[in-house]
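Examination of the molecular architecture
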Amino acid sequence: MHSANHWGGSLEIANTGDSTAEEYDRSRNLDWDRASVNHHQKQQQYNNYDQYSHRHNLDETQQSWLLGPPEKKKKKYVDLGCIVCSRKAFKYTIYGIIIAFLVIALPTIIAKSLPKHKTRPSPPDNYTIALHKALLFFNAQKSGKLPKNNEIPWRGDSGLQDGSKLTDVKGGLIGGYYDAGDNTKFHFPMSFAMTMLSWSVIEYEHKYRAIDEYDHIRDLIKWGTDYLLRTFNSTATKIDKIYSQVGGSLNNSRTPDDHYCWQRPEDMNYERPVQTANSGPDLAGEMAAALAAASIVFRDNTQYSRKLVKGAETLFAFARDFGKRTSYCRGNPYIEPFYNSTNYFDEFMWGSAWLYYATGNKTYISLATNPGLSKNSKAFFMIPDLSVLSWDNKLPAAMLLLTRMRIFLNPGYPYEEMLSSYHNVTSLTMCSYLQRYQVFNFTKGGLIQLNHGRGQPLQYVANAAFLASLFVDYMNASGVPGWNCGPRYISLDILRRFATSQMNYILGDNPLKMSYVVGYGNKFPRHVHHRGASIPSGKTKYSCTGGWKWRDTKNPNPHNITGAMVGGPDKFDKFKDARKNFSYTEPTLAGNAGLVAALVSLTSSGGYGVDKNAIFSAVPPLYPMSPPPPPPWKP
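Computed from a predicted structure; not experimentally measured. Sequence order as written defines the numbering, with residues in each chain counted from 1. Predicted model: local features are reported for residues with pLDDT of at least 70 only, side-chain atom pairs are reported and counted for 80 or more only, and whole-chain, interface and lining totals are derived from all residues. The side-chain figures draw on all heavy atoms in the structure; neither hydrogens nor water molecules are used.

1. Concerning the pairing of strand E9 (residues 488-491)
- Bridge count between strand E8 (residues 482-485) and E9: four bridges; the pairing is antiparallel. Residue pairing in the sheet places Trp-483 in a bridge with Ile-490 of E9.
- If you look at the hairpin formed by E8 and E9, you'll find two residues sitting between the two strands, and Gly-486 has a positive phi there, around 65°. A pair of strands is labelled paired if DSSP reports no fewer than 2 bridges between them. Per the convention used, a helix needs a DSSP run of H or I reaching at least four residues, while a strand needs a run of E reaching at least two, with both numbered from the N terminus.

2. Focus: the side chain of Ser-191
- Relative to the helices and strands, Ser-191 is located in helix H6 (residues 187-210).
- The contact criterion used throughout is that any non-hydrogen atoms of two residues lie within 4.5 Å. Contact partners of Ser-191, with chain neighbours within four places excluded, come to Leu-228, Glu-286, Met-287 and Ala-290.

3. A few points about the nonpolar core
- Take the buried Ala, Val, Leu, Ile, Met, Phe, Trp, Tyr and Cys residues and link them wherever side-chain atoms come within 4.5 Å; each set so joined is a nonpolar core. Burial classes: relative accessible area under 20% of the type maximum marks a residue as buried, over 50% as exposed, and values in between as partly exposed (1.4 Å probe, protein chains only). Grouped together as the largest cluster of nonpolar side chains are 164 residues, with contacts concentrated most on Phe-138, Trp-199, Trp-354, Tyr-357 and Trp-483.
- Sequence-distant contacts of Trp-483, that is, excluding residues within four places in its chain, are made with Ser-427, Met-430, Cys-431, Leu-434, Phe-471, Met-475, Arg-488, Tyr-489, Ile-490, Ser-491, Leu-492 and Leu-495.
- Core analysis: the next-biggest nonpolar cluster, separate from the first, contains five residues, Tyr-178, Cys-261, Met-268 and Tyr-270 among them.

4. Some details on the UniProt feature "active site" (unreviewed entry) in the protein chain
- UniProt positions are given in the numbering used here, feature names are shortened, and annotations may be inferred rather than shown by experiment. Residues annotated by UniProt as "active site" (unreviewed entry) correspond here to His-529, Asp-577 and Glu-586. These annotated residues cover 58 residues of sequence, and their C-alpha atoms all fall within 10.2 Å of one another, placing them together at a single site.
- Mapping His-529 onto the fold places it in the loop between helix H16 (492-506) and helix H17 (531-534).
- Its location among the elements puts Glu-586 in the loop between helix H19 (582-585) and helix H20 (589-602).
- Aside from chain neighbours lying at most four places away, what touches Glu-586 is Ala-180, Gly-181, Asp-182, Gln-456, His-529, Met-565, Val-566 and Gly-567.

5. Digging into a nonpolar patch on the surface
- There is a patch of nonpolar side chains on the surface, built from Tyr-92, Ile-94, Tyr-95, Ile-97, Ile-98 and Ile-99 and spanning about 620 Å² of accessible area.
- Structurally, the position occupied by Ile-98 is in helix H4 (residues 87-113).
- Residue classification places Ile-98 among the partly exposed positions, given a relative accessible area of 45%. Within this analysis, patches are made of residues with over 30% relative accessible area and no salt bridge. Like charges are joined at 9 Å or less; nonpolar side chains (Val, Leu, Ile, Met, Phe, Trp, Tyr) at 5 Å or less. In short, Shrake-Rupley with a 1.4 Å probe defines the accessible areas, and a residue's cover is counted only from the protein chains shown. A pairing counts as a salt bridge when a side-chain nitrogen of Lys or Arg comes within 4 Å of a carboxyl oxygen of Asp or Glu.

6. Considering the pattern of salt bridges
- In total, this model carries 21 salt bridges according to the counting rule given.
- Arg-299 serves as the salt-bridge partner of Glu-205, at 3.4 Å between the closest nitrogen and oxygen. A residue pair is termed long-range when its members are at least 10 positions apart, and Glu-205 in helix H6 and Arg-299 in the loop between helix H8 (281-297) and helix H9 (302-320) qualify at 94 residues.
- The partner of Asp-552 in a salt bridge is Arg-551, with the nearest N and O atoms 2.9 Å apart.
- Accessibility expressed as a relative area gives 36% for Asp-552, which makes it partly exposed.
- On the basis of relative accessibility, which here comes to 23%, the residue Arg-551 falls in the partly exposed class.
- Because the salt bridges share partners, they merge into one network encompassing Arg-155, Arg-264, Glu-266 and Asp-267.

7. Looking at the state of the cysteines
- A pair of cysteine sulfur atoms is labelled a disulfide when the two atoms are within 2.5 Å. If you walk through the whole model with that rule in mind, you get two disulfides.
- Covalently, Cys-261 is tied to Cys-544 through a disulfide, its sulfur atoms 2.0 Å apart. Given an S-S torsion of about -90°, the disulfide between Cys-261 and Cys-544 has left-handed geometry. Separated by 283 residues along the polypeptide, Cys-261 in the loop between strand E6 (242-246) and strand E7 (274-277) and Cys-544 in the loop between H17 and helix H18 (548-552) bring together distant segments of the chain.

8. A look at the packing of aromatic side chains
- Working definition: rings of Phe, Tyr and Trp (its six-membered ring) pair if their centres are within 6.5 Å, and the pair is stacked with planes under 30 degrees apart, edge-to-face with planes over 60 apart, and tilted otherwise. Summed over the entire model, instances satisfying the criterion amount to 28 aromatic pairs.
- Three or more aromatic residues joined by ring pairs make a cluster, and in this case those are Trp-199, Trp-350, Trp-354, Tyr-356, Tyr-357, Phe-466 and Phe-616.
- Over the face of the ring belonging to Trp-223 we find Lys-142, whose NZ or CZ atom lies 4.6 Å from the ring centre. As a reminder, the over-ring test applies to NZ of lysine and CZ of arginine, requiring each to be within 6 Å of the ring centre and within 35 degrees of the ring normal.

9. Quick look at the sheet that holds E7
- Strand order in this open sheet of three strands is E5-E6-E7, and the pairing throughout is antiparallel. Single-partner strands in this sheet number two, and they are strand E5 (185-186) and E7.
- Bridge count for E5 against E6 is two bridges, and the pairing is antiparallel. Directly across from Phe-186, in E6, lies its bridge partner Gln-245.

10. Things to note about the packing of H6 against helix H15 (residues 458-477)
- Axis lines are fitted through C-alpha atoms, for helices just across the contact stretch, and the angle between N-to-C directions can take any value from 0 to 180 degrees. One can describe the packing of H6 onto H15 by two numbers: an axis separation of 13 Å at closest approach and a directional angle of 25°. Considered as vectors, H6 and H15 are oriented roughly parallel to each other. As H6 packs across H15, the resulting crossing turns out to be left-handed. Here Phe-192, Met-196, Trp-199, Glu-203 and Tyr-204 of H6 come into contact with H15, specifically with Asn-463, Phe-466, Leu-467, Ser-469, Leu-470, Asp-473 and Tyr-474.
- Basically, the charged four are Asp, Glu, Lys and Arg, the nonpolar ten are Ala, Val, Leu, Ile, Met, Phe, Trp, Tyr, Cys and Pro, and anything else, Gly included, counts as polar. Of the residues that constitute the contact of H6 with H15, the class distribution is eight nonpolar, two polar and two charged. Note on angle classes: values under 35 degrees are labelled roughly parallel, values over 145 roughly antiparallel, values of 65 to 115 roughly perpendicular, and the remainder oblique. Should the near helix be turned anticlockwise from the far one by less than a right angle, the crossing is termed left-handed; should it be turned clockwise, right-handed.

11. Quick word on the environment of Trp-354
- Here Trp-354 lies in helix H10 (residues 345-359).
- For Trp-354, a relative accessible area of 0% puts it in the buried group.
- Taking C-alpha positions, Trp-354 is 8.4 Å from Leu-401, a pair spaced 47 residues apart along the chain.

Here it is in structure tokens:
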């Protein structure tokens, strides 16, 4: 029989009788699962028991013997695949997970999604605080067209006509730094200041980076070296003159100049003569050192670094010209009374050491270790005054710089003998700074008298603190814990304490409890001998003599020249905060460079120690390289 199929095709139905129906019922029973079968069997058992109990009139106790104990209620389970657990346990587990999420996970997620705030770094030490301020002094001393980010609101563009009458200098001699409280640009101490700043960066770059001053100090150095490159023909290999000063004055002059007039740099309207040096081994040697040292600072700027090296080599050739060995200031009344150079062989040693580090040219290290040079510079005479670093005497710094080479490179022959002697004298210089050896007097308040009680002592103290601190870092880096002063062994911590004690004195640990760095601490000089800081800024311009009222007033300066280290106290720890007493209250460019170097050497910011290798980046291997191994033998 066929029946229509609405989904296509046909369905065939066959009638096979009752036997087929029974078979069908049997097959249905086979399709039950175990649970269904058990249930069906148990139902039949209950029915049988019920019939039996009715036939034999069994009481409830007897029936219980046959039926057994009542069936316990089955627990319900949840099958999770690999684990089977009770439904109640599963429920409690879910509740626990939810509660844990609300209590632990949710707050964590919320906390992490909120904006993150950096943890505050530990507060900087006092040396770092003072260092930030000391660098600002150089911003305040800038001449020329100032950058917008100069950070000294009371300073403006000045000296824009400097050197404008020179025919061989494109753009004139604009820029550079004013030296002190006057408006003169002395190139000799300015060069020394740039060398010191560069030296501090080479040794302690990591510290400047740690306090976020690295870019700042590089800008300050470049402001100076850009200007120095204008003071001679830096594109030539041979020169016959250097412009040695812009502005200045004559002693006891009654005509308008940088000393007779008391005017802000922005208001200068008097003649600013340019001084020329047709010979000058001292000036040229220091300028060469400044440019060579800066070339290492700017080694990441290849083009500028090469320009600095070329200029340094040109200057040093001028310095070494035997026919031009007269001091740059000899007989010049605009320079000699103020920055007179007493020798030039120290600049030869200083400049040649820096040029060797900048170029790797062995000619320079051969000169620096030449016995004739040490003899003429009196390096081994052990004269106390020659152990005092200043803008005029570079001898102790030059010998320490060369000692560095012996400590870290150990070049051996033919340099070892002289380098060993420099190392020995440097060690004795450090001994001379210690009060127990009584080479120099100390004030009752603890300040070393490196200039024998004369005025402006702090610049020499800051330089000595830097040299001592740097010597300690060199020795520590080489794993040497001390050195000998005669028969006595001195540990490095004693010398470090000398350096810190002198800097602490400058920063306020003195009988007057006065900081000699303007802007540091609560008590500092308010009558600084400085034209720009002592005259109110604004539209009013004061004439040459019209500014005298600001010089002579007993009122404090309207502007604090932040970071300026003044001349300092006398040998009795007394200090006169008076504008006219320049030996007490006048700051200088060279003095502040030593202050910056000492502060960065002593600060703990960025960690202690020096960068041993950066200064040697241009120095070639001192020993021949090992030859490559021979090729493998082949039959």
